[in-house]
Amino acid sequence: MAPYWLLSPFLLLFLVFGLFPIGFSFFLMFQAWDPVQGLSSMTYVGLENIAFAIEDPLVWLSLKNTLWLAIVSGLPQHLVAIPMAYFINEFLGKWRNAAMGAYFLPYITSTVAIAIMFSSLFSTDYGVVNVVLTHMSEWPLVGWLFPGANVDWLGQAETIKPVVAMVVFWRYVGFNVILYVAAMQGIPRDLYEAGRMDGASNLRLFWHITLPQLKPMMYFGTVLSVVGGLQLFEEPFILTGGRGGLEYSGMTTAMYMYRTAFEFNDFGLASAISWFLFIIIALLTWLTNRAFKDRTGAA
Amino acid sequence: MNTTQKRNNSEGAALAWTGRVFLALGGIAMLAPFFFMFVFATHTRADIFSVPPPLFFSDHFFENIQILMAKIPFWRNLGLSLYVGIMATGLTLLFCSMAGFAFVAYEFRFKKALFALVMATMLVPAFLGMIPTFMIMDGLGWINQPRALYLPAAAPAMGIFLMRQYISSAIPKDLYEAARMDGCSEWSVYWRVVVPLLGPAFGTLGLITFIASWNNFMGPLVVMRTPEMYTFPLALRSVQSPVDTEWGALMAGSAVAVIPLLIIFVFSSRRLIEGLTAGAVRG
């Protein structure tokens, strides 16, 4: 009996707070009730919530925002993290742990503190970003590249998403750097020695040895970024004051689900939205899997 | 040394310097926001938004904290965050080490299936449980109760996995076989033989759990509905408003939220990094 009671806390918590909520959420998707009268007024409404979610333009808008943010914040993370990890692994001796620490720090910092930090840096009047940019716009030759007037970064529809994407990129790039450094340490050194004997340059070694050897980690890291990016909630939620910003341009699907449940009190519709998002995440994970398998033969 | 190698050496040096410059710029980009946060935390709201912005520390930190205290029940929120973090950490260490030990030391029916189940729970995204979790907590009368925060997540798959790996690799099976021979009960094998040897694994998992709990935002957002029961991050966010934000106070509050993490990080960054990437690298 010993293994079962040793596992009982996990099993109990899993049943009550893991399995049951998922089943319950699935059930809620087909129900509607008046929040004022409580759960006793719950009635089966069939596919009504799902149909409503599909016809809701805000669901699609939020989905578009989420995909945009996942790609624009996710892809550059890997494009930057791989060369960074390479440089850390090859050229940093005793500074290596300090560098990894600095890059990793944002990952373990509270989202609220990060969002507050960046809200102030990006604020319209006299925020550091605007002060620097307007100053740079007065530089000769390159000045025209920078805005001469203060930009309302978090207050206008076109700039909210890029700012959120930048914050997300800043927060998670270091995590990927660490993953790639760990993966690079697993590459056998004699592969490089052999390449060097043949007179291959560093760049060629990177291209023909490092990158192919990193494929499994690229797959893993990409899946993490896709899955994480599509669930994006905290960063845009705090940066846009919970409402998604002007024209909802910073509202992700997870945020819309939260608002549907806790501001509009429609838990049935919110459950339908959450399953909708779950299916899309599962689908994209599967597609990423396929893409990597096709290119490598076996991932 | 032939000519190709010479060319490669100078090319290598150029690449090394490019790399160092690239890394230094990246490091500045990573740390600059923290620098501004700490500097701003010591300035008044008016000073923060002057041109050029302040680049050095001033002496308004405690003033800023006082402004914050007038807006939120500061010590209560902070204490709640600490309490939830400690409870979450204690329970997680207990439950995960129990489960990890069970998976290493015993053969039983459904062992493989149960372990697969543990790992599968990692794949379920958090937002899917958000609404039903709220309704369950509401049904249990746990809204505004700290236990609604530390109990549900107290047996995370990652922790069970970490413990299983550590127990199977660092604790020789003979050790608890011998204890059993000597007539130890199964519980005292776990409690007296295994637990005292789990120090390093407890350290890593404990840090990860505490940090995650300390930073948690989505969880308390859903179940903590009154300002007296807000955890610290939630309270901080409530101070943020579209107009007339007390930036100095907010920055000081953010600094308070980040300082414990910095202290933990300085002393244990390597262990933390190893723990957080362990599953990834082995997977």
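Residues numbered from 1 in each chain as written. Chains lettered and ligands numbered in written order. Predicted model: local features only at pLDDT ≥ 70, side-chain atom pairs only at ≥ 80, totals over all residues. Heavy atoms only, no water.

Visitor: Just to check I follow, could you spell out unusual backbone geometry for this structure?
Guide: Peptide bonds are, in most cases, trans, and in most cases residues other than glycine have a negative phi. With a phi close to 55 degrees, asparagine 265 of chain A is a non-glycine residue in the positive phi region. Its place among the elements puts asparagine 265 of chain A in the loop between helix H12 (253-262) and helix H13 (267-296). For asparagine 265 of chain A, a relative accessible area of 39% gives the class partly exposed. A positive phi is found at phenylalanine 110 of chain B, a non-glycine position, where the angle reads about 65 degrees. You can see phenylalanine 110 of chain B is positioned in the loop between helix H4 (74-105) and helix H5 (111-120). (Helix = DSSP H or I, 4+ residues; strand = E, 2+ residues; numbered from the N terminus. Buried < 20%, exposed > 50% of the residue type's maximum accessible area, 1.4 Å probe, protein only.)

Visitor: Would you mind going over helix H4 (residues 96-104) of chain A with me for this structure?
Guide: An α-helix turns once every 3.6 residues. As a result, residues three or four positions apart point the same way. Most of H4 of chain A sits out of view: 7 of its 9 residues are buried. Within the span of H4 of chain A, buried status applies to Arg96, Ala99, Met100, Gly101, Ala102, Tyr103 and Phe104 of chain A.

Visitor: When you look at the interface of chain B and chain A in this model, what are you seeing that I'm missing?
Guide: Accessible area lost on assembly of the parts is the figure often given for the size of an interface. Contacts between the two partners involve 84 residues from chain B and, on the opposite side, 86 residues from chain A. Approximately 7800 Å² of surface area, both sides summed, lies buried where chain B meets chain A, with 83% of it carried by carbon and sulfur atoms. Among the residues of chain B in contact with chain A, Leu23, Met30 and Phe127 of chain B are the three that bury the most area, contributing 9% of the side total. At the boundary of chain B and chain A, one finds 0 salt bridges. On the surface where chain B and chain A come into contact, there are 9 residue pairs in polar contact (both at pLDDT 80 or more). A total of 20 residues in the side of chain B that touches chain A trace back to one element, the largest contributor, which is helix H1 (residues 3-40) of chain B. Here the side of chain B that touches chain A is built from residues that sort into 65 nonpolar, 12 polar and 7 charged. (Contact = heavy atoms within 4.5 Å. Buried area = accessible area lost by both parts, 1.4 Å probe. Salt bridge = Lys/Arg side-chain N within 4 Å of Asp/Glu carboxyl O. Polar contact = N/O pair within 3.5 Å; in protein donor to acceptor, adjacent residues only side chain to side chain. Nonpolar A, V, L, I, M, F, W, Y, C, P; charged D, E, K, R; others polar.)

Visitor: Looking at this structure, how should I read the pattern of salt bridges?
Guide: Two side chains bearing opposite charge may form a pair once their charged atoms approach each other closely. Residue and element names in this part refer to chain A. All told, the structure shown has 7 salt bridges over all chains when counted by the stated rule. Residue glutamate 90 pairs with arginine 189 through a salt bridge whose shortest N-O separation is 3.7 Å. Of this pair, glutamate 90 sits in helix H3 (residues 57-91) while arginine 189 sits in helix H8 (residues 189-197); the two residues are 99 residues apart in sequence, bridging distant segments of the chain. When its relative accessible area of 24% is taken as the criterion, glutamate 90 is described as partly exposed.

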